[in-house]
Amino acid sequence: MKNIVRTAVIPAAGLGTRFLPATKSIPKEMIPIVDVPMIQHIVEEAARSGVTRVVLITARHKEAIENHFDFNPELEAFLDDKGKKELAELSRSLGRLCQVIAIRQKNPMGLGHAVLCAEPAVGSEPFAVLLGDDLIDSDVPCTQQLMDIYQRESASVVGVMQVPPSEVNKYGIIGGKPINTKTWHVQQLVEKPAPESSPSCWAIPGRYVLEPQVFDCIKRTKPGRGGEIQLTDALQLLAQERRLLAYAFDGVRYDTGDRLGFIDATLAFALKRSDLRSGVVVLLQKHLNKNRN
Ligand code: UTP
């Protein structure tokens, strides 16, 4: 029987320097898109994909992330007493979303290192990786789309999206042989290549389903770009030793760790909400008119 993916690793130990000063004392992942912290969107995507265990890779001063997925009896009792049952239930539902295991990454030594920190909790099962600041809005959760490919092909798979050549230097980029219009057999991975040496314009924004053999690949990976242990470099080893696929997922991706990406996501999610849409449209018109005068 094929292994079912039941664990998701969510690396959230980075320093969030692109979002200073907000991230000086608040974890970047707790900054809300409208009223839902970024990390909640990510954990909900994992849960909607069938994941039952989330391994959060956290760091000092990031306890707020764990607390968000626990019960808060004082708050919930207060809301119950005030007759605000729906809000009390909303708070409790986050404590029930899935089992959360938190592991500290003691120094931010890179995404590959952060994933390796999850090994004691993941063991020898396949697992999903979702980056804490990449939001993907889709009907079928992106992680579910990758899990479907994993189940069908019994191979590790990375989610990819097409980016303009001028932006390849922001991502891990794949190269390889197309299997069909949406799937590739990956032969090459490069972290943040220069546009002229990039193997393609297909970028990995932060969704993976990986076989546990990747842990061994990470252990053999030397620090790369920025002196960090890059997951992309470990995946290059995995691609050489096993079959690695890339899949062009359906969905819209927002880089919420970047200021403009964050504003983009905030507007998109607010405009999708029936309780906010008309108010947001009025506000946008007001500000646009003001700037015109
Ligand atoms: P980023 O580079 O986007 O996040 O890493 P960052 O380091 O927090 O932010 P900037 O670039 O300084 O603004 C992608 C994801 O990997 C995690 C981050 O928390 C983020 O979710 N990460 C990165 C770790 O968990 N550990 C690391 O050592 C590096």
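Residues numbered from 1 in each chain as written. Predicted model: local features only at pLDDT ≥ 70, side-chain atom pairs only at ≥ 80, totals over all residues. Heavy atoms only, no water.

Asks: For the overall build of the protein chain, give the residues involved together with the corresponding values.
Replies: For the protein chain, the count of helices and strands is 11 helices and 14 strands. By the compact-globule yardstick of 19 Å for 293 residues, the protein chain fits well, its C-alpha radius of gyration being 20 Å. Across its three principal axes, the protein chain shows a C-alpha extent of roughly 60 × 50 × 35 Å. Accessible area for the protein chain stands at about 14700 Å²; split by element, carbon and sulfur atoms hold 54% of it. (Helix = DSSP H or I, 4+ residues; strand = E, 2+ residues; numbered from the N terminus. Rg over C-alpha atoms; globule rule 2.2 N^0.38 Å. Areas by Shrake-Rupley, 256 points an atom, 1.4 Å probe, with all protein chains shown as cover.)

Asks: Describe in detail the environment of Arg18, supporting the description with residues and values.
Replies: Relative to the helices and strands, Arg18 resides in the loop between β1 (7-11) and β2 (32-33). Between the C-alpha atom of Arg18 and that of Glu125, which follows or precedes it by 107 residues, the distance is 34 Å. Setting aside anything within four residues of it in sequence, one finds Arg18 in contact with Lys28, Asp133, Asp255, Gly257, Asp258 and Arg259. At 3.1 Å, the side chain of Arg18 forms a polar contact with the side chain of Asp255. (Contact = heavy atoms within 4.5 Å. Polar contact = N/O pair within 3.5 Å; in protein donor to acceptor, adjacent residues only side chain to side chain.)

Asks: Give me the lowdown on the site of the ligand, citing residues and values where you can.
Replies: For the ligand, the set of nearby residues contains 19 residues, the closest of which are Gly14, Thr17, Arg18, Gln105 and Gly110. Take Pro11: an N or O atom from its main chain is 3.0 Å from an oxygen atom of the ligand. A distance of 3.3 Å is found between an oxygen atom of the ligand and a backbone nitrogen or oxygen belonging to Leu15. Within the complex, 83% of the 560 Å² of free accessible area of the ligand lies under protein. (Near = heavy atom within 4 Å.)

Asks: How would you explain helix α4 (residues 85-96) if you had to name every residue and give the values?
Replies: For an α-helix, 3.6 residues make a turn, and residues three or four places apart therefore share a direction. Its 12 residues place the ends of α4 16 Å apart at the C-alpha level, agreeing with the 16 Å of an ideal helix rising 1.5 Å per residue. All buried positions along α4 are accounted for by Ala88, Ser91, Leu94 and Gly95. Take α4 and look down its axis: the buried residues cluster within an arc of 120 degrees, on one side only. Turned more than 90 degrees away from the buried face of α4, the exposed residues are Lys85 and Glu86. (Expected span 1.5 Å × (residues − 1). Buried < 20%, exposed > 50% of the residue type's maximum accessible area, 1.4 Å probe, protein only. Arc of directions from axis to C-beta.)

Asks: Report on the packing of helix α3 (residues 73-81) against α4, specifying residues and quantitative values.
Replies: Remark: α3 packs on α4, axes separated minimally by 7 Å, with the N-to-C direction vectors making an angle of 160 degrees. In terms of orientation, α3 lies roughly antiparallel with respect to α4. In this structure, the crossing between α3 and α4 has a hand that is left-handed. On α4, the residues touching Leu75, Glu76, Leu79 and Asp80 of α3 are Lys85, Leu87, Ala88, Ser91 and Arg92. Class assignment of the residues belonging to the contact of α3 with α4 gives a composition of four nonpolar, one polar and four charged. (Axes fitted to C-alpha atoms, helices over the stretch in contact; angles between N-to-C directions. Parallel < 35°, antiparallel > 145°, perpendicular 65-115°, else oblique. Left-handed = near helix turned anticlockwise from the far one by under 90°. Nonpolar A, V, L, I, M, F, W, Y, C, P; charged D, E, K, R; others polar.)

Asks: Explain the packing of aromatic side chains to me, and be specific about the residues and the numbers.
Replies: Under the definition given, this model contains four aromatic pairs. Between Phe19 and Phe262, the aromatic rings sit 5.3 Å apart at their centres with planes inclined by 85 degrees, giving edge-to-face as the arrangement. Of this pair, Phe19 sits in the loop between β1 and β2 while Phe262 sits in helix α10 (residues 259-272), and the two are 243 residues apart along the sequence. With a centroid separation of 5.9 Å and an interplanar angle of 65 degrees, the aromatic rings of Tyr254 and Phe269 are classed as edge-to-face. With a gap of 15 residues between them, Tyr254 in strand β14 (residues 252-255) and Phe269 in helix α10 connect regions that are remote in the sequence. Note that Lys272 overlies the ring of Phe269, its terminal NZ or CZ placed 5.7 Å from the centroid. (Phe/Tyr/Trp six-rings, centres within 6.5 Å; stacked < 30°, edge-to-face > 60°. Lys NZ or Arg CZ within 6 Å of the ring centre and 35° of its normal.)

Asks: An account of the pattern of salt bridges is needed here, citing residue identities and associated values.
Replies: In total, this model carries 22 salt bridges according to the counting rule given. Residues Glu63 and Arg104 are paired through a salt bridge, measuring 3.3 Å at the closest nitrogen-oxygen approach. With Glu63 in helix α2 (residues 63-68) and Arg104 in strand β5 (residues 99-104), the pair connects residues that are 41 residues apart, well separated along the chain. For Glu63, a relative accessible area of 37% translates into the label partly exposed. Of the charged contacts, one joins Lys272 and Asp137 as a salt bridge, the two residues approaching to 2.7 Å between their closest N and O atoms. Taken as a pair, Lys272 in helix α10 and Asp137 in strand β7 (residues 134-137) lie far apart in primary sequence, 135 residues in all. Owing to a relative accessible area of 23%, Asp137 belongs among the partly exposed residues under this scheme. (Salt bridge = Lys/Arg side-chain N within 4 Å of Asp/Glu carboxyl O.)

As far as function goes, none of this settles anything; it's purely spatial.
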